[in-house]
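Coordinate analysis (summary)
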Amino acid sequence: MVRGAAGLPAARRAPMSFLWTWVGAGLGLALGHNLAALVLGALIGWTVDTARHQQRRLRAQRQFVAPLFAVLGALAKSDGRVTQAEIDAAERMMQRFGLDAMQRGEAIARFNAGKQPGFSLGPALLELRRTCAGQPQLAYAVLDVLAEVAYAEGSASSAKFQLLQQAAHALGFSDMHLLALLMMRGHATPQGASGAWQQGWDARPGAGNGHARPPRPSGPDPYAVLGVGRGDDDASIKRAYRKLISQYHPDRLGDLPEELRRRAERRASEINTAWEAIKAARGIV
């Protein structure tokens, strides 16, 4: 059981509304007819606006807790046992998400529910998909969290890898998107990989040509990061880059939980780094 316990421009958060601040100022002036009443009314309204903004941020966080930790529990148990490394990884996520006592209790309960033999993964993945609908940067950050726990022991079993694939597909990502993510995180060749996935892995730098694959990739392939092929022309690669960065730019993040925001920002940085590397290699101006 999980233990209960305690570059890029800066991303813009969803702006706080000052509706009640203005309403309070207007009411204060109308009732008191002096500056002190205006200031007092504005202060009361600002307090209301601040509380409403905080509630919106908490709602944005709560909607992830239940389905995410349920999937993490299923992921940890998918190969038949939950290790201490996986428990520690789940606890780190709780800490990074800054969950309060109530949220931690819910996260622990959902993690433990996900470990049960009769747990149905489909509804939890569907809930995550709905939460991330229209926000690819958010879906990618969620997949990044799942991958970290799947590889908590340094490698992923065939069962964990297959569940991770299922989650990636549910969130709208192909096997090649998942491949790029795992390569960027420096994970070892997935166990149980086959077909187009294995071909994609074999196509990375340093693989194939009759030689044994290195146990860990030396670094992210910029073409894989952008989801393009080495044979694609410059214009196609530039279009792919522009499409990706428009989706993942930090300015589009809104009120994400801080941990998901950090991961989404890292994705935007990786996209820019990959583009710069390809530009330099190809002499694109």
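Because the structure is predicted, anything quoted here is derived from the model rather than measured.

The secondary structure content of the protein amounts to 12 helices and 0 strands. Counting from the amino terminus, helix and strand elements in the protein follow one another as α-α-α-α-α-α-α-α-α-α-α-α. Burial status across the protein gives 45% buried among its 285 residues. Carbon together with sulfur atoms contributes 57% to the accessible area of the protein, which is approximately 14,000 Å² in total.

Each aromatic ring pair is summarised here by two numbers: the centre-to-centre distance and the angle between the ring planes. Evaluated as defined, the whole model comprises 3 aromatic pairs. A ring pair is formed by Tyr-140 and Phe-173, whose centres lie 6.1 Å apart and whose planes are at 80°; its orientation type is edge-to-face. Taken together, the residues Tyr-140 in helix α6 (residues 136–150) and Phe-173 in the loop between α7 (158–170) and α8 (175–184) connect sequence positions 33 residues apart. An identical accessibility class is assigned to Tyr-140 and Phe-173; each is buried.

For the rest of this paragraph, the subject is the pattern of salt bridges. By the definition in use, this model includes 7 salt bridges. Two residues, Lys-279 and Glu-276, come together in a salt bridge whose shortest N-O distance is 3.7 Å. A residue pair is termed a helical-turn pair when its members lie 3 or 4 positions apart in one helix, as Lys-279 and Glu-276 do in helix α12 (residues 258–282) at 3 residues. By sharing partners, the salt bridges in this structure join Asp-79, Glu-86 and Lys-160 into a single network.

Where helix α11 (residues 234–248) contacts α12, the two axes come as close as 10 Å, and the packing angle between them is 165°. Comparing their axes, α12 and α11 come out roughly antiparallel. Considering the relative orientation of α11 and α12, their crossing is left-handed. Of the residues in α12, those in contact with Asp-234, Ile-237, Lys-238, Tyr-241, Leu-244, Ile-245 and Tyr-248 of α11 are Ala-264, Arg-267, Ala-268, Ile-271, Asn-272, Trp-275, Ile-278 and Arg-282. Classifying every residue of the contact of α11 with α12 by side-chain character gives 10 nonpolar, 1 polar and 4 charged.

The terminal C-alpha atoms of α6 lie 21 Å apart, and with 15 residues this matches the ideal 21 Å at 1.5 Å per residue to within 8%. Of all 15 residues that make up α6, 13 are buried, and the element is covered over most of its length.

Turning to unusual backbone geometry, a few remarks are in order. Most peptide bonds adopt trans geometry, and most residues besides glycine take a negative phi value. Located in the positive-phi region is His-33, a residue other than glycine, with phi close to 55°. A residue is classified by how much of its surface remains accessible, and His-33, at 65% relative accessible area, is exposed.

A word on the nonpolar core. Of all hydrophobic cores here, the largest spans 67 residues; its most connected members are Val-142, Leu-146, Leu-164 and Leu-226. If one sorts the elements of this core by residue count, α6 sits on top with 11 residues. Sequence-distant contacts of Leu-226, that is, excluding residues within four places in its chain, are made with Ile-237, Ala-240, Tyr-241, Leu-244, Ile-271, Ala-274, Trp-275 and Ile-278.

Further remarks concern the side chain of Glu-86. With respect to the helices and strands, Glu-86 occurs in helix α3 (residues 84–96). Overall, the relative accessible area of 1% leaves Glu-86 in the buried class. Contact partners of Glu-86, with chain neighbours within four places excluded, come to Ala-76, Arg-81, Val-149, Ala-152, Glu-153 and Lys-160.

Another point: helix α1 (residues 19–32). Spanning 14 residues, α1 covers 20 Å between terminal C-alpha atoms, matching the ideal 20 Å at 1.5 Å per step. Every buried residue of α1 is listed here: Thr-21, Gly-24, Ala-25 and Gly-28. In a view along the axis of α1, the buried residues occupy a sector of 100°, so they form one face of it. Opposite the packed face of α1, turned more than 90 degrees from it, sit the exposed residues Leu-19, Trp-22, Leu-27 and Leu-31.

Glancing now at the packing of α6 against α7. Running from N to C, α6 and α7 cross one another at 175°; their axes reach a closest spacing of 10 Å. One way to sum up the angle between α6 and α7 is to call them roughly antiparallel. Contacts between α6 and α7 involve Leu-143, Leu-146, Ala-147 and Ala-150 from the former and Lys-160, Leu-164, Ala-167 and Ala-168 from the latter. Of the residues contributing to the contact of α6 with α7, the split by class is 7 nonpolar, no polar and 1 charged.

Across the protein, pLDDT averages 76, with 75% of residues at or above 70. Per-element averaging of pLDDT across the protein places helix α9 (residues 195–202) at the bottom with 45 and α7 at the top with 91. Contacts from residues 194–218, a stretch scored under 50 in pLDDT, to residues over four places away or in other chains number 45 contacts.

What counts and what doesn't
- Residues numbered from 1 in each chain as written.
- Predicted model: local features only at pLDDT ≥ 70, side-chain atom pairs only at ≥ 80, totals over all residues.
- Heavy atoms only, no water.
- Helix = DSSP H or I, 4+ residues; strand = E, 2+ residues; numbered from the N terminus.
- Buried < 20%, exposed > 50% of the residue type's maximum accessible area, 1.4 Å probe, protein only.
- Areas by Shrake-Rupley, 256 points an atom, 1.4 Å probe, with all protein chains shown as cover.
- Phe/Tyr/Trp six-rings, centres within 6.5 Å; stacked < 30°, edge-to-face > 60°.
- Salt bridge = Lys/Arg side-chain N within 4 Å of Asp/Glu carboxyl O.
- Axes fitted to C-alpha atoms, helices over the stretch in contact; angles between N-to-C directions.
- Parallel < 35°, antiparallel > 145°, perpendicular 65-115°, else oblique.
- Left-handed = near helix turned anticlockwise from the far one by under 90°.
- Contact = heavy atoms within 4.5 Å.
- Nonpolar A, V, L, I, M, F, W, Y, C, P; charged D, E, K, R; others polar.
- Expected span 1.5 Å × (residues − 1).
- Core = buried A, V, L, I, M, F, W, Y, C linked by side-chain atoms within 4.5 Å.
- Arc of directions from axis to C-beta.
- pLDDT = per-residue confidence, 0-100.

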